Amino acid sequence: MRYKLIAFDLDGTLLDGKKDIPPENIAALTAAAEQGMIIVPATGRIYAGLPEPLKALPFLRWCVTVNGAYVYDAWEDRPVFREDIPLEMTLRVIDYMEKNRLFYDCYKDNWGYMDRRFYERAVEFMPDKGILDLLVRLRTPVESLRSYVQDSGTGVQKLQMYFTDMEERARQLRLLPTLFPELSVTSSVRNNIELNWAAANKGAALEALCRHLGVKMEETVAFGDGTNDLTMLRAAGLGVAMANAAPEVKAAADRVTDDNEHAGVAKVINEIL
């Protein structure tokens, strides 16, 4: 099989624990691009949250962002696929999170927003310094996120919750799919839960991008570690889980590579090349 497109998650996959890109991964992506392969980050982050060394790569054009809610053409500054959570559903979920006294925020129109009361306490809910720095940099604090969203008249791309109580997180992971079956319930870091519209997932986004580009799904390779990567690994011609991936991600993958600390992405790409 001659693969034409490589898609990869960032946190826990392409990036190491310090949120840096191992040089082996950069070299492998560059070599793949030189052979004509399309290189596609597929992340829960918004485009502004991509690492600068990645955005600076001259061949990087297409990006699956916000867990598949927004597929972005960086060269033409436009979306090729978009699926938001509708306003009414967004407000229902916010009311639920308030009732359960959860710590939450959202991505809306490619930016992050958070209640000021949460923003000022972010360090309590995000022990990972790299993610904390990203959270603070890519969020605008507002007095009331519910009022801000309601006044805008439109929904959001993603709602996120953060936990210090892992038992409560596990309980919410069980409850949320039954309470809100219209939503996709996933996770990308060990203490969060991410909610997207069900049609907005990395697998659907990758398929939409491939239709746009005229690439067959069997001609794609995808890498991931979190449950928000499951649909993408299942949809790709070759789905690769990291050694540090969640057990259900490893079970769904076609193969498992080395972990993100040891450039597992590069090892598979180099084999393909």
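Some words on unusual backbone geometry
Okay, step 1: Within the chain, Asp77 stands out as a residue other than glycine whose phi angle is a positive 55°.
Okay, step 2: Inspection of the secondary structure assignment puts Asp77 in the loop between β4 (70-73) and β5 (78-82).
Okay, step 3: For Asp77, a relative accessible area of 56% translates into the label exposed.
Okay, step 4: At Asn110, a residue that is not glycine, the phi angle is positive and equals roughly 65°.
Okay, step 5: Residue placement: Asn110 occurs in the loop between β6 (103-108) and β7 (111-115).

Points about the sheet that holds β4
Okay, step 1: The 3 strands are arranged β3-β4-β5 in an open sheet whose pairing can be described as antiparallel. Single-partner strands in this sheet number two, and they are β3 (62-65) and β5. The mean inter-strand angle of the sheet, taken between neighbouring strand axes irrespective of direction, is 25°.

Some words on the environment of Ala204
Okay, step 1: Mapped onto the fold, Ala204 is located in helix α10 (residues 202-213).
Okay, step 2: It is 8.1 Å that separates the C-alpha atoms of Ala204 and Ala235, two residues lying 31 residues apart in sequence.

Overview of the pairing of β6
Okay, step 1: Of all 6 residues making up β6, 6 are buried, and the element is well covered by its neighbours.
Okay, step 2: Burial along β6 is two-sided: the residues Phe103, Asp105 and Tyr107 and Tyr104, Cys106 and Lys108 are all buried.
Okay, step 3: Strand direction decides the pairing type here: β6 and strand β9 (residues 158-162), joined by 5 bridges, are antiparallel. Across the sheet, residue Asp105 finds its bridge partner in β9, namely Gln160.
Okay, step 4: Where β6 lies against β7, 3 bridges are found, and the strand directions are antiparallel. The partner of Cys106 across the bridge, within β7, is Tyr113.
Okay, step 5: The antiparallel hairpin formed by β6 and β7 contains 2 residues in its connecting segment, where Asp109 sits at a positive phi of about 50°.

Focus on the sheet that holds strand β2 (residues 38-41)
Okay, step 1: Judged by pairing direction, the sheet is parallel, and its 5 strands sit side by side in the order β2-β1-β12-β13-β14 without closing on themselves. Lying at the two open borders of the sheet, with one neighbouring strand each, are β2 and β14 (255-256).
Okay, step 2: Bridge count between strand β12 (residues 220-224) and strand β13 (residues 238-241): 4 bridges; the pairing is parallel. Its bridge partner being in β13, Gly224 is matched across the sheet by Ala241.
Okay, step 3: Across the sheet, α10 touches β1 (5-8), β2 and β12, and the angle it forms with β1 is around 155°.

Quick look at the pairing of β4
Okay, step 1: Both faces of β4 are covered, namely the face carrying Tyr70 and Tyr72 and the face carrying Val71 and Asp73.
Okay, step 2: Pairing geometry for β3 and β4, over 4 bridges, is antiparallel. Across the sheet, residue Trp62 finds its bridge partner in β4, namely Asp73.
Okay, step 3: Following β3, the chain reverses through 4 residues before pairing antiparallel with β4; Val66 in that reversal takes a positive phi of roughly 50°.
Okay, step 4: Bridge count for β4 against β5 is 4 bridges, and the pairing is antiparallel. When the bridges of β5 are listed, Val71 appears paired with Phe81.
Okay, step 5: If you look at the hairpin formed by β4 and β5, you'll find 4 residues sitting between the two strands, and Asp77 has a positive phi there, around 55°.

Brief notes about the packing of aromatic side chains
Okay, step 1: A full pass over the atoms with the stated rule returns 8 aromatic pairs.
Okay, step 2: Chaining the aromatic ring pairs together yields one cluster made of Phe103, Tyr104, Phe118, Phe125 and Tyr162.
Okay, step 3: Lying across the ring of Tyr47, Lys55 places its NZ or CZ 5.2 Å from the centre.

With respect to the nonpolar core
Okay, step 1: By size, the foremost hydrophobic cluster in this structure holds 34 residues, and its most contacted members are Val93, Met97, Leu159, Met161 and Leu195.
Okay, step 2: Of all the elements in the fold, those that place two or more residues in this core are α4 (87-99), β6, β7, α6 (122-125), α7 (129-137), α8 (145-152), β9 and β11 (192-197).
Okay, step 3: Setting aside residues no more than four positions away along its own chain, Met97 makes contact with Leu102, Tyr104, Leu159 and Met161.
Okay, step 4: If you look at the next biggest cluster of nonpolar residues, it comprises 28 residues, including Ile21, Ile39, Cys63 and Ile269.

The rules behind these values
Residues numbered from 1 in each chain as written. Predicted model: local features only at pLDDT ≥ 70, side-chain atom pairs only at ≥ 80, totals over all residues. Heavy atoms only, no water. Helix = DSSP H or I, 4+ residues; strand = E, 2+ residues; numbered from the N terminus. Buried < 20%, exposed > 50% of the residue type's maximum accessible area, 1.4 Å probe, protein only. Pairing = 2+ DSSP bridges. Axes fitted to C-alpha atoms, helices over the stretch in contact; angles between N-to-C directions. Contact = heavy atoms within 4.5 Å. Phe/Tyr/Trp six-rings, centres within 6.5 Å; stacked < 30°, edge-to-face > 60°. Lys NZ or Arg CZ within 6 Å of the ring centre and 35° of its normal. Core = buried A, V, L, I, M, F, W, Y, C linked by side-chain atoms within 4.5 Å.

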